[in-house]
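Breakdown of the fold
Chain by chain, the residues:
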Amino acid sequence: GGDWSGAQAYIDAARGVIDAEVTGLVGESYARAYNGMVRLQRLSELEEVLLNATSPTTLPRARLLELWRGRLGHAAADLSAWRELLPVRALAVPPRHDPHGMIAFAQLCSRNGQHTLAFEALRHAEPRAAASWGDAPDMQPDVWLAYTVAMWESGEGGARDDA
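Now for a quick tour of the structure. (Residues numbered from 1 in each chain as written. Predicted model: local features only at pLDDT ≥ 70, side-chain atom pairs only at ≥ 80, totals over all residues. Heavy atoms only, no water.)

A count of helical and extended segments in the chain gives seven helices and zero strands. The order of α-helices and β-strands along the chain, N terminus first, is α-α-α-α-α-α-α. Within the chain, the proportion of its 163 residues that are buried is 36%. Considering only contacts in the chain between residues 6 or more positions apart, those separated by 24 or more positions represent 54%. Surface exposure of the chain reaches about 9100 Å², of which carbon and sulfur atoms provide 56%. (Helix = DSSP H or I, 4+ residues; strand = E, 2+ residues; numbered from the N terminus. Buried < 20%, exposed > 50% of the residue type's maximum accessible area, 1.4 Å probe, protein only. Contact = heavy atoms within 4.5 Å. Areas by Shrake-Rupley, 256 points an atom, 1.4 Å probe, with all protein chains shown as cover.)

See the structure below:
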C-alpha cells in the first residue's frame, strides 16, 4: 500500500479547477472542452485507483479493467487520451497484467505512425517481446503476435533473422 490519506482532497481540488475550465469551454465548443474532459476522466480513474488500493474487495482489479476498457472504447482513435490515461491505470494494474490494453494501445500507435511507442507499449506488456525469435514459445502469444505485426508494419519485418 501507500499513503492515500490526502489523495481524495487533492483529486477534489483538481476537479474543481478543471470543472470550472471545462464549463466555460463547453459553451464555446465541444472540441475545445475535450482535453478538459479527458483530464476529468483521469481524475475519476485516480479515484478508482484510490478505491482499489484502499478497498480492493469494493473495486477489484478485474472490475477496474472492465470499466477502463469500456471507457477507452469511446476514445479508441485518440492517442493523446490514451497517453494521459495509461500512466494512471498503471498505478493499479501494471501493463504486464493488462496485455490486451497494451496491445490495443500499440495498434493505435502503429496506425498513427508512432512505431517506437508501439514497441515500447508491447515491451511493457511482455518484457521479453524484443528478445530473440527463439524465445517466442515462452511468451504471451497475443503479445508476441502483436509485436511481430508491429515490426512488419514499421518496416522492420525482415530485420530479425536469429531464429
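So, about the pattern of salt bridges. The full count for this structure, using the stated rule, is 10 salt bridges. Here Glu28 and Arg32 are joined by a salt bridge, their closest N and O atoms 2.2 Å apart. Residue Glu28 is classed as partly exposed on the basis of its relative accessible area of 49%. Using a relative accessible area of 52% as the deciding quantity, one classes Arg32 as exposed. Each member of the salt-bridge network shares a partner with another, and the members are Glu45, Glu48, Arg71 and Arg89. (Salt bridge = Lys/Arg side-chain N within 4 Å of Asp/Glu carboxyl O.)

So, about the nonpolar core. Ranked by internal contacts, the top residues of the largest apolar core, which has 22 residues, are Trp82, Phe105, Cys109 and Leu122. Formed by eight residues, the second largest nonpolar core is a distinct cluster that contains Leu59, Leu64, Leu65 and Ala92. (Core = buried A, V, L, I, M, F, W, Y, C linked by side-chain atoms within 4.5 Å.)

Attention shifts here to helix H7 (residues 141-154). One full turn of an α-helix is made of 3.6 residues, so residues set three or four places apart face in the same direction. Over its 14 residues, H7 runs 20 Å from end to end, which matches the ideal 20 Å to within 8%, given 1.5 Å per residue. Buried residues in H7 make contact with helix H5 (99-111) and helix H6 (115-125). The first or second residue beyond H7 is Gly155, which carries a positive phi of 95°. (Expected span 1.5 Å × (residues − 1).)

Where H5 meets H7, the closest approach of the two axes is 10 Å, and the angle between their N-to-C directions is 5°. Between H5 and H7, the interaxial angle falls into the category roughly parallel. In contact with Pro99, His100, Ile103 and Ser110 of H5, H7 contributes Asp142, Val143, Ala146, Ala150 and Glu153. Its residues assigned to classes, the contact of H5 with H7 shows five nonpolar, two polar and two charged. (Axes fitted to C-alpha atoms, helices over the stretch in contact; angles between N-to-C directions. Parallel < 35°, antiparallel > 145°, perpendicular 65-115°, else oblique. Nonpolar A, V, L, I, M, F, W, Y, C, P; charged D, E, K, R; others polar.)

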